[in-house]
Amino acid sequence: MSQAEGAAGAAGEPAAEAAREGAVRVGAEGPVRAHAARSPLRTLGILRSELVTTLRRWRTLALLGVLAAVPVLIGIAVRIETADGSSAGPGGGGAGPAFLSQVTNNGLFLVFAALAATLPVFLPMAVGVIAGDAIAGEANAGTLRYLLVAPAGRTRLLLAKYAATLGFCLVATLVVAASALAVGALLFPVGDVTTISGTTIGFGEGLVRAGAVAVFVAASLTGFAALGLFISTLTNSGIAAMAATVGVLITVQIVDTIPQLSGVHPYLFPHYWLSFADLLREPVYWDELLKNLELQALYAAVFGSAAWARFTTKDINA
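What counts and what doesn't
For every chain, the first residue of the written sequence is number 1, and numbering continues from 1 onward in sequence order. With pLDDT at 70 or above as the cut-off, local features in this predicted model cover only qualifying residues; side-chain atom pairs require 80 or more to be listed or tallied, and sums for whole chains, interfaces and linings still use all residues. Side-chain numbers come from the whole structure's heavy atoms, not from hydrogens or water. In this text, buried Ala, Val, Leu, Ile, Met, Phe, Trp, Tyr and Cys residues form a nonpolar core when linked through side-chain atoms within 4.5 Å. Summary of the burial criterion: residues with accessible area below 20% of their type's maximum are buried, those above 50% are exposed, and those between are partly exposed, where the area comes from a 1.4 Å probe applied to protein chains only. Think of it this way: any DSSP run of H or I at least four residues long counts as a helix, any run of E at least two long counts as a strand, and we number them from the N terminus. The salt bridge criterion pairs a side-chain nitrogen of Lys or Arg with a carboxyl oxygen of Asp or Glu, the two atoms within 4 Å. Any pair of residues with heavy atoms lying within 4.5 Å of one another is described as a contacting pair.

Engineer: Explain the nonpolar core to me, using residue names and the numbers behind them.
Structural biologist: Counting residues in hydrophobic clusters, the biggest one holds 65 residues, and the most contacted among them are Phe 99, Phe 112, Phe 269 and Phe 276. When residues of this core are traced back to their parent elements, those giving at least two are helix H5 (58-81), helix H7 (109-118), helix H8 (122-141), helix H10 (154-187), helix H11 (203-220), helix H12 (222-232), helix H13 (238-255) and helix H14 (287-313).

Structure, rendered in structure tokens:
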């Protein structure tokens, strides 16, 4: 072995160790390993490993901490604003800031207000960081080729990365909802929920609706997650991929607010994000909810396929 090869081996020791761990979880000793790598249990092991690795990173924990702090700030601001008995936010029902007018009467509405406040910017930016770093971050760290040494296959690794990103979408949304529920119950009274339609439902059903809203918000991010994963396959720089993903988010959000471009608005991934407010109607309005899910499925299919086509033909040199 040459001195250069020895130095490269020493420098890549952490990455090699990660690769050895990957080899263990997918199996890699002759035909036995190849058979084990094809087993569903090994596939689930890869998914679990990627999800745990994603959620244990300090960057991920910092993002979740920031997201958890948003409902706290909103709750404290509403509490201070309404200390003299005045109402918070604009009156009436609907999405976004309109939920603030109900927070002082029922702390459960802080869940909806917090999700409406974080969905346009904070939640998708956090998802953009995770998705953009999924492949490009591994390439930048020099661990991508080691992950592919084991017979996991590029397709399986890409699916595991996407599944881990979707897992983060759900965890991040639930963190916002749980933080908002705790702060809302601490600072404001809780009880029966008055829907946007003006009817009243019990607190238990209100909690179920809040959980449904959180899951729906997480599902609303699946298309953007696939877009970020595709961008991550285009470069070996994690920072560049994250910046590009967030840049696309900001650009599309701006386009969605320009009236002259209303013809393309229904095809933009964030257009129906705030339709989750229809889950608080009685009966539930399903029209825009289903349009949003269909649009996210379309984006996931298109950009997921593009990411697969790019990643399976990409030269891995890092």
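Engineer: Quick one: what's the story with the pattern of salt bridges, residue by residue and with numbers?
Structural biologist: Summed over all chains, the structure comprises seven salt bridges. Here Glu 50 and Lys 161 are joined by a salt bridge, their closest N and O atoms 3.1 Å apart. Highlighted residues: Glu 50 in helix H4 (residues 40-56) and Lys 161 in helix H10, separated in sequence by 111 residues. For the pair Glu 50 and Lys 161, one class covers both residues: buried. The residue Lys 291 makes a salt bridge to Asp 287 at a minimum N-O spacing of 3.9 Å. Taken together, the positions of Lys 291 and Asp 287, both in helix H14 and four residues apart, correspond to about one turn of that helix.

Engineer: Please provide a residue-by-residue account of the side chain of Ser 220, values included.
Structural biologist: Along the polypeptide, Ser 220 turns up in helix H11. Among residues more than four places away in sequence, those in contact with Ser 220 are Trp 273, Asn 292 and Gln 296.

Engineer: Explain unusual backbone geometry to me, using residue names and the numbers behind them.
Structural biologist: Glycine aside, the phi torsion of most residues is negative, and most peptide linkages are trans. For the bond from Glu 282 to Pro 283, the omega torsion is 5 degrees, close enough to zero to count as cis. Here Pro 283 lies in the loop between H13 and H14.

Nothing here speaks to function; it is all geometry.
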